[in-house]
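# Fold and contact review
Below are the chains, spelled out letter by letter.
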Amino acid sequence: MPSASPAAPLAITIATRESRLALWQAEHVKALLEAQGHRVTLLGMTTLGDQILDRSLSKVGGKGLFVKELETALDDGRADIAVHSLKDVPMDLPPGFELACVMEREDPRDAWVSPHCSGLADLPRDGVVGTSSLRRVVLLRAALDALGRTDVRIEPLRGNLDTRLRKLDEGQYHAIVLAAAGLKRLELASRIRAIFDTNTSLPAAGQGALGIEIRAGRPELVEALRPLVHMPSWLRVAAERTVSRAMGGSCSMPLAAYADWTADGQLQLDAAWGDPEGHTPLVQASARAAVAGLDAAEALGHSVALMLQKAGARPVLKEA
C-alpha cells in the first residue's frame, strides 16, 4: 500500500540486463520512481545467462545466471535496485539481499506464437515446437499425447525475445511458446496466435510479475518503492514461489505453480510437477485459503508442495 507521505527524493541507480524486454522493465520502473520525485539512472549489464545460449539453463547453472552480475552491482554500490522478471529470480536470495517490491502482475499465461498453426492440433506431421522451459516441455507433451500427436518434436529455444521470434520467422520451428507478458510489454501482442488456458499450460511461479531486489539494510529504498508495491500480486507470487522453494527451487525440475483470487476472496493455488525423465505421469495438486499476508500465502504454498510430494512428486535435493 502507498505510504501516507511520499518518501524523501533519492538518487537511485537501477541495475538491469540489456535485452529489450529487461530495458523496458527498467524504464517502466524508472518512470514510476521519477513520478515520485526521485532521480533515476540505469546501469545496463550483460549477465552470464545472456551469454550462454547454446545450452539449456538447467545444464549451466539455472536462473541465478540472470541475476548474479546485477547482485554484484548492488553489493559494491554501483546500483541501488535491480529489476527482475520474477520467474527468473532464484527462490532463495543470497544472504544480504531482499525482495523489496512486487509490482502489479501482467498476464501470467503462456502464449502460442506461430505464423501458420492455430494451435497444437494444427501442427503439421513431424512438426517442431520451440521452448526454453522444462515446465512447458512436460505440459506440452501431456497435451500432445492427449491429441495422439507423438510425431511432434519439442526442441530447445534460447535467446532473448527478439532472437526467439527471429528463429521462428526463419522457419526453424513451426511454433514457439513464450510468456504472454513479455510480448504484451513490448507491444508484440499481434504475434500471439493463442493464449493457453491455465488448465492446459499452468504458468511458472512468478510469471508475468516484476520484482525489485535491494541490498538488505536500505530502509530508505523500501520506503521509496512502497508506492510501486501491489500486494494482491505479491501474495499470489509468494504462494507460488513457496511451492517451488519447497520442491528444491531448481529449473532442472519441470514445475508449475499458479495462484489467483477466487470470487469469494480466497487464494486458489494450483501446481503441477513432471518427472524430468518422463517415466511417470504429471502430478497435480490444488488448495485454497483465506490469505491476508505473506505468512499465510507461504503457508498455502507449503501445503500444496506437501500434497505434490504425497502424490509422488520428488523434490530436488540441495547439495550439502
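If you're wondering where the values come from, they're calculated on a predicted model, not measured in any experiment.

Parameters and conventions
- Residues numbered from 1 in each chain as written.
- Predicted model: local features only at pLDDT ≥ 70, side-chain atom pairs only at ≥ 80, totals over all residues.
- Heavy atoms only, no water.
- Axes fitted to C-alpha atoms, helices over the stretch in contact; angles between N-to-C directions.
- Helix = DSSP H or I, 4+ residues; strand = E, 2+ residues; numbered from the N terminus.
- Left-handed = near helix turned anticlockwise from the far one by under 90°.
- Contact = heavy atoms within 4.5 Å.
- Nonpolar A, V, L, I, M, F, W, Y, C, P; charged D, E, K, R; others polar.
- Phe/Tyr/Trp six-rings, centres within 6.5 Å; stacked < 30°, edge-to-face > 60°.
- Buried < 20%, exposed > 50% of the residue type's maximum accessible area, 1.4 Å probe, protein only.
- Lys NZ or Arg CZ within 6 Å of the ring centre and 35° of its normal.

This paragraph deals with the packing of helix α9 (residues 231–246) against helix α10 (residues 294–310). Look at α9 against α10: their axes get within 7 Å of each other, and the N-to-C directions meet at 35 degrees. Relative to α10, the crossing made by α9 is right-handed. Within the contact between the two elements, α9 uses Trp 234, Leu 235, Ala 238, Ala 239, Thr 242, Val 243 and Ala 246 and α10 uses Leu 294, Ala 297, Glu 298, Gly 301, His 302, Val 304, Ala 305, Leu 308 and Gln 309. Looking at the contact of α9 with α10 residue by residue, the class counts come to eleven nonpolar, four polar and one charged.

Inspection of the entire model under this criterion finds one aromatic pair. Ring plane angle 80 degrees and centroid distance 6.1 Å describe the contact between Trp 112 and Phe 196, whose orientation is recorded as edge-to-face. Within this pair, whereas Trp 112 is found in strand β5 (residues 110–113), its partner Phe 196 is found in the loop between β9 (194–195) and β10 (210–215), the two being separated by 84 residues in sequence. The buried category is assigned to Phe 196, whose relative accessible area is 10%. Geometry around Phe 97 places Arg 215 over its ring, the cationic atom sitting 4.9 Å from the centre.

Okay, unusual backbone geometry next. Located in the positive-phi region is Asp 126, a residue other than glycine, with phi close to 60 degrees. As for its position among the elements, Asp 126 is in the loop between β5 and β6 (128–131). You can call Asp 126 partly exposed: its relative accessible area is 43%. Of note in the backbone geometry, Glu 187 takes a positive phi value of approximately 60 degrees without being a glycine. When you line up the elements, Glu 187 lands in the loop between α7 (180–185) and β9.

Geometric descriptors of this kind do not, in isolation, establish any biological role.
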